[in-house]
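Below, each chain spelled out in residue letters.
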Amino acid sequence: MQYIFLSHDVDWRAQGPSKEHILARKERFADEYIDSLDKINPYYNFPELMDIENNFGVKSTFFFRTIYENGNYLDYENEISSLLKGGWEIGLHLDPSSVTNLEKIKDEKMKLEKLTKNKILGNRVHYLKTDEGLNKKLHELEFVYDSSIRHSKDKIDENEMGYTKENGIYEFPITWMDAYLFTYMKISENELVSVFEKTLDFSRNLGKDNVLTLIWHDNVLKMKGGRMYSKILEFLTSQDDVEICRGIDLVNRLR
Ligand SMILES: [Zn+2]
């Protein structure tokens, strides 16, 4: 079986970035979104993401930050509540400034637990700026898994898949991430599904059950490239030996 850990990192405050920030990157969007910036924040895609995943019968993990530039994580209260009600998992998207400090990690975890009224078991460091000693601290704080490691920016090989368990924490390296696929790997929309197919074949040829971890940022769904999300799910769910799951489902299986 090829298990796919499906995940989203919520990098931006609920209101999205400033209009200036978006206009400086307007070539990333179809014109219709740029013309309606006063009405629609194109970085906000929770209802669409939930619809797409419901349509394909899959659930994912959303990693939320507690520190947002010019914003407040509490603004996500309604989105988090809808996600939890629908069966999605909420994880912590730890700030890079917290990774070496147990108290800061604890503070972020407690904030998110208070907001979600749930135990937070999974973590991913923002920008993947992790630290060697992090998993030990995560274990001490009763996390069970982390997914913050990518060894290269432009390769998809056996180092970027599977899992390890160290210091009591399952670590899921990142196999695919939207940003790396489109920037460092320069993959076009037309080639995208075949890249997923190639990765799956590579993993199948290793001849064992394997874990492949996918990050699709929630803010990219209306962007060129990012808008291919449903095509990817369509392909992945068409494969008989593929099971798509949340981080915590994988951990429960591996236990
Ligand atoms: Zn991030």
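Draft legend 1. Fine view of the pattern of salt bridges. Applying the stated criterion across every chain yields a total of 16 salt bridges. Among the ionic pairs, Arg65 bridges to Asp95, the shortest N-O distance being 3.3 Å. Of this pair, Arg65 sits in the loop between β2 (61-64) and α4 (77-86) while Asp95 is found in the loop between β3 (89-94) and α5 (102-116), placing the two residues 30 residues apart along the sequence. Look at Arg65 and you get buried, because its relative accessible area is 2%. A residue is classified by how much of its surface remains accessible, and Asp95, at 10% relative accessible area, is buried.

Draft legend 2. Quick look at the coordination of the zinc ion. Listed as protein donors to the zinc ion are Asp11 (OD), His93 (NE2) and His126 (ND1); their distances from the metal cover 2.1 to 2.2 Å. Binding-site remark: the zinc ion is held by donors from one chain whose sequence spacing is D-x81-H-x32-H. Note that Asp11 is positioned in the loop between β1 (2-10) and α1 (19-23) and His126 in the loop between β4 (122-125) and α6 (134-140), a separation of 115 residues in sequence. Given a relative accessible area of 13%, Asp11 falls into the buried group.

Draft legend 3. Examining the nonpolar core more closely. Formed by 64 residues in total, the largest nonpolar core has its most connected members in Phe62, Phe64, Leu181, Phe196, Leu214, Trp216 and Leu236. When residues of this core are assigned to their parent elements, the largest contribution, 5 residues, is made by helix α9 (residues 229-237). Apart from the residues within four sequence positions on either side, Leu181 is in contact with Ile156, Trp176, Lys186, Ile187, Leu192, Val195, Phe196 and Trp216.

Definitions and limits used
- Numbers given for residues are sequential positions, taken from 1 along each chain in its written order.
- Reporting of local features is limited, given that this is a predicted model, to residues whose pLDDT is at least 70; pairs of side-chain atoms are given and counted only at 80 or more, and all residues count toward the totals for whole chains, interfaces and linings.
- As a rule here, side-chain values come from all non-hydrogen atoms in the structure, and water together with hydrogens is ignored.
- Any Lys or Arg side-chain nitrogen found within 4 Å of a carboxyl oxygen on Asp or Glu counts as a salt bridge.
- A run of H or I in DSSP becomes a helix once it reaches four residues, and a run of E becomes a strand once it reaches two; helices and strands are each numbered from the N terminus.
- Relative accessibility decides the category of a residue: with a 1.4 Å probe and only protein chains considered, values under 20% of the type maximum give buried, values over 50% give exposed, and everything between is partly exposed.
- Water is not part of the atom set, so a site may look incomplete; the donors themselves are N, O and S atoms within 2.8 Å of the metal, or 3.2 Å for Na, K and Ca.
- Side-chain atoms within 4.5 Å are what join buried Ala, Val, Leu, Ile, Met, Phe, Trp, Tyr and Cys residues into a set we call a nonpolar core.
- Only heavy atoms matter for contacts: two residues are in contact if any of them lie within 4.5 Å across the pair.

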